[in-house]
Every structure is written in C-alpha cells, then in structure tokens.
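Next come the chains, spelled out residue by residue.
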Amino acid sequence: MKIALIPGDGIGPEITQQAVKVLKAVSNKYITEFSFEEVLMGGAAIDKTGLPLPDKTIKVCQESDAVFLGAVGGEKWDNLPGHLRPEAGLLGLRKALGVFANLRPAILFPQLKAASTLKGEVLGDGLDIMVVRELTGGIYFGKRGRAGEGESARAWDTMEYSVAEIKRIARIAFDLAMGRGKKLTSVDKANVLENSRLWRETIIQLAGEYPEVTLEHMYVDNAAMQLVRNPRQFDVIVTGNMFGDILSDEASMLTGSLGMLPSASLGEGNLGLYEPIHGSAPDIAGKDEANPIAAIMSAAMMLRYSGGMEDAAQDIENAVSAVLDKGYRTGDIMEPNMKRIGTGEMGDLISGEIK
Ligand code: NAD
C-alpha cells in the first residue's frame, strides 16, 4: 500500500510518527509492505514553499492509495490572507482528491466512560456511532451573495442537493450500516426545506436495495436532542454538509476526548484521506504530551477503507483497548490511579500489542 504522509504542524509530526510505528507492526504481522512518502501541507509547506498546498503534494497524494494527515495550523500563520492559510491547504486537498463523504466515528471506550459529560446509565457499556457527512455540496457550496449597504444590506446562501449527490453519500452510509448494526438514521429538515424533501425521497428510493437495513428519518433539531438524550439508539447517521458539521462535533464530544477520535474522507474509488479530528494543539506541541490514539485509530480506518485490511484494522483497535485496559493514559484522558505516559510510549505500547 502506497501511503502519502502529511505530518503537518504542531503535534502533527509527533502523532504521525506513532501511527507509522503501529503500521510497521501491522506490516510485520501480516508480511505486507507499506511505502510512505512524506509531503508538505499547511504551515510547514508555507514556510518552505510559500504555498499551503504545493502542486507536488497534490500529485503524490493523487498517486497514492491513501493519504494520512497529522494536523495543520498554528498562530504563526493566522494573519495570512485566507487563500494562503494552512486551512486552505486542507480544503484544496479534499477537493483535489474528490472526497465527498466524511466519516466520523464517535467511539467511547468503556474504559474512558468518566471522560464523557453524560451520565453512566445513558452511556451503558460505551458508544459506537458513525456519522456520515456530505462534504462537498449543500449550503457551504451553494450560490451566495450580498447586496445593499447599512440597514438595507442583505446576504444569502442557498442550499441545494441533486439526486446524484444524495445517492452517492447515501450508498456509502447504507454500505457502512450493512457492515455494522444494520440501522441507518437519515437526518434532514424535510418539514421545512425543499432540498430536504428531495433528500428523504431519494434515500427512501435507495433503501429498496438494502432490505436488511432498518431506515429511519429524523429532523435535525430532534437528532441534536436525541444524541444527548439517548445516543445508544444510533448506529449510522447520514446527513448533509451543514447538519453533519454540527452533529458530528456534538457526537464526538459525547465521548469527551478529542485526542481519541479518528476520521476518514472518502470519494468514488479506494483513495481516502485519514486524519484525527483534533487540530495541531500548539499548546502542547513538542512536549511528548499529545495523545496519539486519534491518529492511530485513523490509521486503522485507513487499512479498513483504503486497504481492505479489516483484520489488521481490528488488531489496531484491540491493541488500543488492551493498552487502556492496562491503565495507561496520556494527560488528556488521565484519571486517578492510572499510569500517565507520553506520546512516544503510548505509540510503543500500542504497537507492542500487535503481534
Ligand atoms: P486543537 O484541536 O488543536 O486543540 C484544542 C485543545 O485540545 C487544546 O488544548 C489541545 O492541547 C487539546 N488537544 C488536541 N488534540 C490533542 C491530543 N491529541 N492530545 C491531547 N490534547 C489534545 O484545536 P485549536 O486549539 O482550536 O486549534 C489549534 C490549531 O489547529 C489552529 O491553527 C486550527 O486552525 C488548527 N486545526 C486544524 C485542524 C486540522 O488539521 N484538521 C482541525 C482543527 C483545528
């Protein structure tokens, strides 16, 4: 498997190094080879080339089987014009790779229940929700404008979805549901929005191809409420760009630990972009304090969705769970009576569990 590596800025390089360690343990176990090519994006790319997303990076990523990203950004580059900021690199890369589906699992390991803001009885024996967000359409990419001045100024953004756009994201969500609990919740605002009515009709039409999946529809306001009231009712959630932006952040915070959560962005082929959901955490960069588990779990998603290596993905997830069982914690998930360790040691222990 050919992997483009973008360590990025802040804690990006430290956590990427731990993910690579774990991938090396997987390659030993399965006698398979991963080749890594490191490329620049974000602040690191701006410092070396003046641009957040150099052409070479795009080319290497497009020619790879998967792209792994640490994190980008930092205060140093905050005052640059929008198109030259590190975030512009990330948006440009998503576009260049054609990734339209953002998969954000909200997984709460039972060992870390205390980290959640929800009560123990609501969480049961942990959480495992997959939020599938449409990433390249909807209101964030619709027609927009502004007119008038002062008190008479107006501004508008339009929300539009085509059947083709809805079908391709829904198919990813139905396929995921088939491999999990076979339940799909489609979130919309069909009581008010015309494009949501088309969304719902299209999903219902597609459901005929997935008779084993139980499909339900939920208005977005209710979904926001149900996520904190009874999150265990959800298996896979599929929704549009803006609703998904909000709900995926809400779902991830149910688990209480930013440093634990991975993500994947997928397109039509096998090529995907894998990254932890957290940022570059400049406050703890270079201090061996960052939790590398989100990055390591992103590597597991990479093997699952771009590599077709389900067993190896599960090995990584089990290794994380085993290390948590033994009481090892980085600072962000530390609890009384546990053993506090650093970024590098966490990477060593997890890769040591893959035999
Ligand atoms: P952040 O996620 O970097 O950090 C928020 C808080 O969580 C900080 O206190 C940080 O120390 C902590 N934290 C984050 N990841 C952690 C980890 N793995 N282990 C332990 N603690 C961790 O968000 P922010 O501070 O708002 O943003 C910092 C920079 O990151 C900004 O420049 C922002 O633009 C960028 N950012 C990048 C991405 C990305 O690369 N995809 C995403 C979000 C933010």
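All values reported here derive from a predicted model rather than from experimental measurement. (Residues numbered from 1 in each chain as written. Predicted model: local features only at pLDDT ≥ 70, side-chain atom pairs only at ≥ 80, totals over all residues. Heavy atoms only, no water.)

The N-to-C vectors of helix H8 (residues 220–229) and helix H9 (residues 241–253) enclose an angle of 10 degrees; their axes lie 10 Å apart at closest approach. Regarding the angle of H8 to H9, the classification is roughly parallel. Taken together, the residues of H9 that come into contact with H8 (itself represented by Val220, Ala223, Ala224, Leu227 and Val228) are Phe243, Leu247, Glu250 and Ala251. Of the residues contributing to the contact of H8 with H9, the split by class is eight nonpolar, no polar and one charged. (Axes fitted to C-alpha atoms, helices over the stretch in contact; angles between N-to-C directions. Helix = DSSP H or I, 4+ residues; strand = E, 2+ residues; numbered from the N terminus. Parallel < 35°, antiparallel > 145°, perpendicular 65-115°, else oblique. Contact = heavy atoms within 4.5 Å. Nonpolar A, V, L, I, M, F, W, Y, C, P; charged D, E, K, R; others polar.)

Our next topic: the nonpolar core. If you look at soluble globular proteins, the nonpolar side chains tend to sit buried side by side. Membership of the largest hydrophobic core comes to 85 residues, with the highest contact counts inside it found for Phe68, Leu103, Val132, Phe174 and Ile350. If you tally residues by element for this core, the top one is helix H10 (residues 293–305), at nine residues. Each of two domains, domain 1 (1–107 + 257–355) and domain 2 (117–146 + 153–255), supplies a minimum of three residues to this core. Setting aside anything within four residues of it in sequence, one finds Leu103 in contact with Met130, Val131, Val132, Ile172, Leu176, Ser263, Ala264, Leu266, Met301 and Tyr305. (Core = buried A, V, L, I, M, F, W, Y, C linked by side-chain atoms within 4.5 Å. Buried < 20%, exposed > 50% of the residue type's maximum accessible area, 1.4 Å probe, protein only. Domains from an automatic or database assignment.)

What follows is about the domain arrangement of the chain. Along its sequence, the chain is carved into domain 1 (1–107 + 257–355) and domain 2 (117–146 + 153–255). On a C-alpha basis, the centres of domain 1 and domain 2 stand 25 Å from each other. Facing the 20 residues of domain 1 at the interface are 20 residues of domain 2. Counting each side, the surface lost to burial between domain 1 and domain 2 is near 1700 Å², with a carbon and sulfur contribution of 61%. Three residues, Phe100, Arg104 and Ala106, lead the burial of domain 1 against domain 2; their summed loss comes to 41% of the area buried on that side. For the interface between domain 1 and domain 2, the tally reads one salt bridge. (Buried area = accessible area lost by both parts, 1.4 Å probe. Salt bridge = Lys/Arg side-chain N within 4 Å of Asp/Glu carboxyl O.)

Counting buried positions along strand E8 (residues 183–188) gives five out of six residues, so the element sits mostly inside the fold. Where E8 and strand E9 (residues 214–219) come together, six bridges link them in parallel fashion. Along E9, the bridge assignment pairs Asp188 with Tyr219. One crossover worth recording links E8 to the parallel E9 by way of helix H7 (residues 194–207), and it is right-handed. (Pairing = 2+ DSSP bridges. Right-handed = clockwise from strand over helix to strand, strands pointing away.)

Sheet architecture is open: ten strands sit in the order E2-E1-E3-E12-E11-E4-E5-E10-E8-E9, paired in mixed fashion. Sheet topology places strand E2 (35–38) and E9 at the edges, where each strand pairs with a single neighbour. Adjacent strand axes in the sheet meet at a mean angle of 20 degrees when their direction is disregarded. Summarising the sheet, strand E1 (residues 2–8) and E2 pair through four bridges and their orientation is parallel. Bridge pairing in E2 links Ile3 to Phe36. Sheet strands in contact with H7 are E8, E9 and strand E10 (236–239), and its direction is about 175 degrees off that of E9. Sheet strands in contact with H9 are strand E4 (101–108), strand E5 (127–134), E8 and E10, and its direction is about 160 degrees off that of E5.

Moving on: the pairing of E5. Within E5, seven of the eight residues are buried, which leaves it mostly tucked inside the rest of the structure. Sheet topology places E5 next to E10; four bridges connect them, and they run parallel. Directly across from Val132, in E10, lies its bridge partner Val238.

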